[in-house]
Amino acid sequence: EVQLVESGGGLVQAGGSLRLSCAVSGFTFDDYAIGWFRQAPGKEREGVSCISRENGNTYYADSVKGRFTISSDNAENTVYLQMNSLKPEDPAVYYCAYAWGFRESLWTEVYEYEYWGQGTQVTVSS
């Protein structure tokens, strides 16, 4: 079974940076994608970014373009989300998720992902 473990969340001042990590294990095929989602209290879970393991394509929500960067270390089976210039609207629990047989046009859809990590809290102080 696929397992995902996030780390790297914490408290940072507005304008600061954090790097989240998602360690992936238990997968059999390389045709998958890892997405980062976030969920703030009282809000729906939203797609932040995604990377395809198969072709390296990356995707970003408009709200984070130019500030967040997703990358992967395939040798370590780890996906990173570098978050710069954090804003007061960025705090949430951040989740990474695994999608097998990934459909690029659906990267923001929660139902596209079969496995999820436990989440890591990101807090931004003003």
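Structure report, in brief. (Residues numbered from 1 in each chain as written. Predicted model: local features only at pLDDT ≥ 70, side-chain atom pairs only at ≥ 80, totals over all residues. Heavy atoms only, no water.)

Details of empty space enclosed by the protein
Which parts of space are left empty comes out when a probe the size of a water molecule is rolled across the atoms.
Then, number 1: Counted by the stated rule, this structure contains one cavity of 30 Å³ or more.
Then, number 2: Estimated volume of the largest cavity: approximately 80 Å³.
Then, number 3: Val 24, Tyr 32, Ile 34, Ile 51, Ser 52, Arg 53, Ser 72, Asp 73, Asn 74, Asn 77, Thr 78 and Val 79 together form the lining of the largest cavity.
Then, number 4: If you list the elements that add at least two residues to the lining of the largest cavity, you get strand 4 (32-39), strand 5 (46-52), strand 7 (68-73) and strand 8 (78-83).
Then, number 5: Looking at the lining of the largest cavity residue by residue, the class counts come to five nonpolar, five polar and two charged. (1 Å grid on protein atoms, 1.4 Å probe; cavity = no way out; pocket = protein on both sides within 12 Å on 5 of 7 lines; lining within 4 Å. Points joined across faces, edges and corners; volume = space filled by probe spheres on them. Helix = DSSP H or I, 4+ residues; strand = E, 2+ residues; numbered from the N terminus. Nonpolar A, V, L, I, M, F, W, Y, C, P; charged D, E, K, R; others polar.)

Focus: the pairing of strand 9 (residues 92-100)
Then, number 1: Most of strand 9 sits inside the fold, with seven of its nine residues counted as buried.
Then, number 2: In the sheet, strand 4 pairs with strand 9 via eight bridges, with the strands oriented antiparallel. Bridge pairing in strand 9 places Trp 36 opposite Cys 96.
Then, number 3: Across two bridges, the pairing between strand 9 and strand 10 (residues 115-116) is antiparallel. Looking at strand 10, one finds that Ala 97 is bridged to Trp 116. (Buried < 20%, exposed > 50% of the residue type's maximum accessible area, 1.4 Å probe, protein only. Pairing = 2+ DSSP bridges.)

Examining the pattern of salt bridges
Then, number 1: Summed over the entire model, instances satisfying the criterion amount to five salt bridges.
Then, number 2: Salt-bridge contacts for Glu 46 lead to Arg 38; the nearest nitrogen and oxygen are separated by 2.7 Å.
Then, number 3: Residue classification places Glu 46 among the partly exposed residues on the basis of a relative accessible area of 35%.
Then, number 4: We note a salt bridge from Arg 38 to Asp 90, for which the minimum N-O separation is 2.9 Å. Of this pair, Arg 38 sits in strand 4 while Asp 90 is found in the loop between strand 8 and strand 9, placing the two residues 52 residues apart along the sequence. (Salt bridge = Lys/Arg side-chain N within 4 Å of Asp/Glu carboxyl O.)

A closer look at the sheet that holds strand 1 (residues 3-7)
Then, number 1: As summarised here, the arrangement of the four strands in space is 1-3-8-7, forming an open sheet in which the pairing is antiparallel. The sheet is open, and its two edges are formed by strand 1 and strand 7, each paired on a single side. The mean inter-strand angle of the sheet, taken between neighbouring strand axes irrespective of direction, is 15 degrees. (Axes fitted to C-alpha atoms, helices over the stretch in contact; angles between N-to-C directions.)

Topic: the side chain of Thr 78
Then, number 1: With respect to the secondary-structure elements, Thr 78 resides in strand 8.
Then, number 2: For Thr 78, a relative accessible area of 11% gives the class buried.
Then, number 3: Once residues within four sequence positions are removed from consideration, Thr 78 is found in contact with Ser 21, Cys 22, Ala 23, Ser 71, Ser 72 and Asp 73. (Contact = heavy atoms within 4.5 Å.)

A closer look at unusual backbone geometry
For residues besides glycine, phi is generally negative; the peptide bonds are generally trans as well.
Then, number 1: At Asn 77, a position not held by glycine, the phi torsion is positive, near 55 degrees.
Then, number 2: Positive phi, normally seen in glycine, also occurs at Ser 85, with a value near 50 degrees.
Then, number 3: Relative to the assigned elements, Ser 85 resides in the loop between strand 8 and strand 9.
Then, number 4: Relative accessible area serves as the criterion here: at 40%, Ser 85 is assigned to the partly exposed category.

All we've got here are geometric facts, nothing functional implied.
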